[in-house]
Structure formats: C-alpha cells, structure tokens
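One-letter residues, chain by chain:
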Amino acid sequence: MTVCGHAAPLPDPADAVPRPGGGPGDAALPPGPADTRRFAAASLAAGDPTGWFERLYAQARDGHAVVPWDAPAASVHLREFGLPPGEGRRALVVGCGPGRDAEHLATLGYTVTAFDIAETAIALARERHPGSPVDYRVADLLDPPPAWRRAFDLVLESNNVQALPAGIRARAIGAVGEFVAAGGTLLVLAAAATDTPGEGPPWPLTRAEIDAFAGRGLRPVTVERIPAAGSRLRLRWRAVFTR
Ligand SMILES: C[S@@+](CC[C@H](N)C(=O)[O-])C[C@H]1O[C@@H](n2cnc3c(N)ncnc32)[C@H](O)[C@@H]1O
C-alpha cells in the first residue's frame, strides 16, 4: 500500500501532556493529567502495568476522573498523514479507546477492527458510534487473538506504547508488528523522547524503540521526528513500516 505525503503538523488536544498539579479541585488546571498519573502509579506499584486503563475509563464514565486523550476528533497527526482510500482493505487500530481514530479510518473506506484492553473503553466506543461498521473488540495487545497474526493491510499504533512502562514495551512493540500482513503498512504515531525527560505516563519513545518496530520481516519506509506544536512534549515520531 502506498502512503501519501503530509503537511506540517498541528497540535492535537488529545495529545496534550499532563501538567503537574492538575487535578480535581485545582481551578487553574484541567483534572485529567493528575488522574492519569495517580491511576498509573497505583497500578504499577501493584505490579499491574495495564489495569489502570480500565479503572480510569470507568471512573471517568462515572464523572470522577478525566481521560486526557479522550477527544471527539481523530488524532490530528493521523488526519494530516494523508492515508490513501481504504477501498475495503483491512485495518487494525491498536488501543483504540472510545474509537476516534477507528471511526476516521472507517470513513476512509477501511474495513476496521479496533481493540482495547479496557472493557469500558470498548463499551463507550460502541455506545458513541451506534451503527458503526467498526468491529470493536476487548483484547490484550500482549495476548491477541491468533487469527490477527499478519492479517491486516494497515495497522495503526498511536500513543499506546508510550503509555506502557519499560518492562513490557519490547513485547508490545513486537506484538504490534505481528499484525501486519505481507505488503501491509504499520503507521506509528508517538511522542518522541528528548533530553529533558518528564514524569510519565506518557513515556516518550526513543529512536531505538521506534527502530525496534522493524524486524521479523517488517522494514522501515520512513521515520520522521516532527515538531509537536502546542505540547510540552515538543517532538513526535511519525514512522511507517511495511512487510
Ligand atoms: C494513551 S491511550 C491512547 C488511546 C488512543 N490510541 C488515542 O490515541 O486516543 C492508550 C490506550 O491503550 C489501551 N491499552 C493499554 N494497554 C493495552 C493492551 N495491553 N492491549 C490493548 N489496549 C491497551 C488503553 O486502554 C488506552 O485506551
């Protein structure tokens, strides 16, 4: 599949970075970021690196927290990438949350499967997009359905690996690549690590981590580090791989 050129990036509100101190009761700052770090820290301390996603979505659904990446519009980085029409090709959206990017790919004509480990995120996706052609599934990137192996013409990994701690990132990166069919495309959109690391999540990806998506038959097509205007995370990766 051929991918098109793309214009200069714009800020994406959903990619906004948590600001220290932002939390319920802090009138000056939005509550989402502090919630995220509080939920993640408790989960990691308990040895459960992904359990906090479900707890955060469930608390947010009940009005007790905010999911900072839960924006109505698809990622601006995805929209500006300039994907070609899907023409029925099979796309997989990793860590789809409530479905903003999955719905965008469906409008482009892809036959979309989208999954998330958080049941509440998938329930929200189905609720918010009644009649959607997207096949929303609860699944774990680290233990995916075997039928998804090398089954998709387009795989989108946007902002997920950066939310996972060091101990499981290599496995997650390898698992993402295994979804790409022969001749297929993997698009990775992520915050890029700089020499001034901040508190996570998110933990921006290093160049070595981006390069690690290649291998096992996947090879890089383009790897770009681009400015992320409007975000404390100043740089982003936009990387394309093919098999
Ligand atoms: C930072 S959010 C990004 C969501 C979405 N990609 C976006 O950009 O709006 C990370 C998402 O990955 C999901 N996730 C985390 N670990 C996962 C796993 N092991 N398998 C599937 N989804 C996972 C979370 O529930 C969450 O929805």
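Anything mentioned here points back to the structure above.
Summary of the structure given here. Remember, it's a predicted structure, so these values are computed and weren't measured experimentally.

Here is what the cut-offs are and how they apply
Residues numbered from 1 in each chain as written. Predicted model: local features only at pLDDT ≥ 70, side-chain atom pairs only at ≥ 80, totals over all residues. Heavy atoms only, no water. Helix = DSSP H or I, 4+ residues; strand = E, 2+ residues; numbered from the N terminus. Contact = heavy atoms within 4.5 Å. Phe/Tyr/Trp six-rings, centres within 6.5 Å; stacked < 30°, edge-to-face > 60°. Buried < 20%, exposed > 50% of the residue type's maximum accessible area, 1.4 Å probe, protein only. Salt bridge = Lys/Arg side-chain N within 4 Å of Asp/Glu carboxyl O. Near = heavy atom within 4 Å. Polar contact = N/O pair within 3.5 Å; in protein donor to acceptor, adjacent residues only side chain to side chain. Areas by Shrake-Rupley, 256 points an atom, 1.4 Å probe, with all protein chains shown as cover. Nonpolar A, V, L, I, M, F, W, Y, C, P; charged D, E, K, R; others polar. Axes fitted to C-alpha atoms, helices over the stretch in contact; angles between N-to-C directions. Parallel < 35°, antiparallel > 145°, perpendicular 65-115°, else oblique.

**Regarding the overall build of the protein**
Step number 1: What the protein contains, in helices and strands, is seven helices and seven strands.
Step number 2: Ordering the α and β elements of the protein from the N terminus gives α-α-α-β-α-β-α-β-β-α-β-α-β-β.
Step number 3: For the protein, restricting intrachain contacts to residue pairs at least 6 apart in sequence, the fraction spanning at least 24 positions comes to 66%.

**A word on the packing of aromatic side chains**
Step number 1: This model, assessed by the stated rule, comprises nine aromatic pairs.
Step number 2: Ring geometry for phenylalanine 115 against tryptophan 148: centres 5.1 Å apart, planes inclined by 50°, an arrangement best described as tilted. A residue pair is termed long-range when its members are at least 10 positions apart, and phenylalanine 115 in strand E2 (residues 111–116) and tryptophan 148 in the loop between strand E3 (135–138) and strand E4 (152–158) qualify at 33 residues.
Step number 3: Residue classification places tryptophan 148 among the buried residues on the basis of a relative accessible area of 6%.
Step number 4: Here tryptophan 148 and phenylalanine 179 contribute two aromatic rings whose centre-to-centre distance is 6.2 Å and whose plane-to-plane angle is 70°, an arrangement assigned as edge-to-face. One end of the pair, tryptophan 148, is in the loop between E3 and E4; the other, phenylalanine 179, is in the loop between helix H6 (166–177) and strand E5 (180–191), with 31 residues separating them in the sequence. In terms of burial, tryptophan 148 and phenylalanine 179 fall into one category: buried.

**A closer look at the pattern of salt bridges**
Step number 1: Taken as a whole, this structure holds 12 salt bridges when the rule is applied.
Step number 2: Of the charged contacts in the structure, one is a salt bridge between aspartate 70 and arginine 128, with a shortest N-O distance of 2.8 Å. A residue pair is termed long-range when its members are at least 10 positions apart, and aspartate 70 in the loop between helix H2 (51–61) and helix H3 (76–79) and arginine 128 in helix H5 (residues 119–128) qualify at 58 residues.
Step number 3: On the basis of relative accessible area, arginine 128 is assigned to the partly exposed category, the value being 40%.
Step number 4: Of the charged contacts, one joins arginine 137 and aspartate 135 as a salt bridge, the two residues approaching to 3.1 Å between their closest N and O atoms.
Step number 5: The class of arginine 137 is partly exposed, set by a relative accessible area of 34%.
Step number 6: Classification of aspartate 135 by relative accessible area gives partly exposed; the value is 30%.

**Observations regarding the site of the ligand**
Step number 1: Near the ligand lie 19 residues; those nearest to it are Tyr57, Asp116, Asp140, Leu141 and Ser158.
Step number 2: Measuring from a nitrogen atom of the ligand, one finds a backbone N or O atom of glycine 95 at 2.8 Å.
Step number 3: In this structure, a nitrogen atom belonging to the ligand sits 3.1 Å away from a main-chain N or O atom of isoleucine 117.
Step number 4: Considered on its own, the ligand offers 590 Å² of accessible surface; in the complex 96% of this is hidden by protein.
Step number 5: Looking at the shell around the ligand, the elements that each hand over two or more residues are H2 and E2.
Step number 6: A class-by-class count of the residues in the shell around the ligand yields 10 nonpolar, six polar and three charged.

**Concerning the packing of H2 against H5**
Step number 1: Their axes nearest at 7 Å, the elements H2 and H5 cross at an angle of 50°. As far as their axial angle goes, H5 and H2 are oblique. When H2 is examined against H5, the residues Glu54, Tyr57, Ala58 and Arg61 are found in contact with a partner set consisting of Glu119, Thr120, Ala121 and Leu124.
Step number 2: Partitioned by chemical class, the residues of the contact of H2 with H5 number four nonpolar, one polar and three charged.

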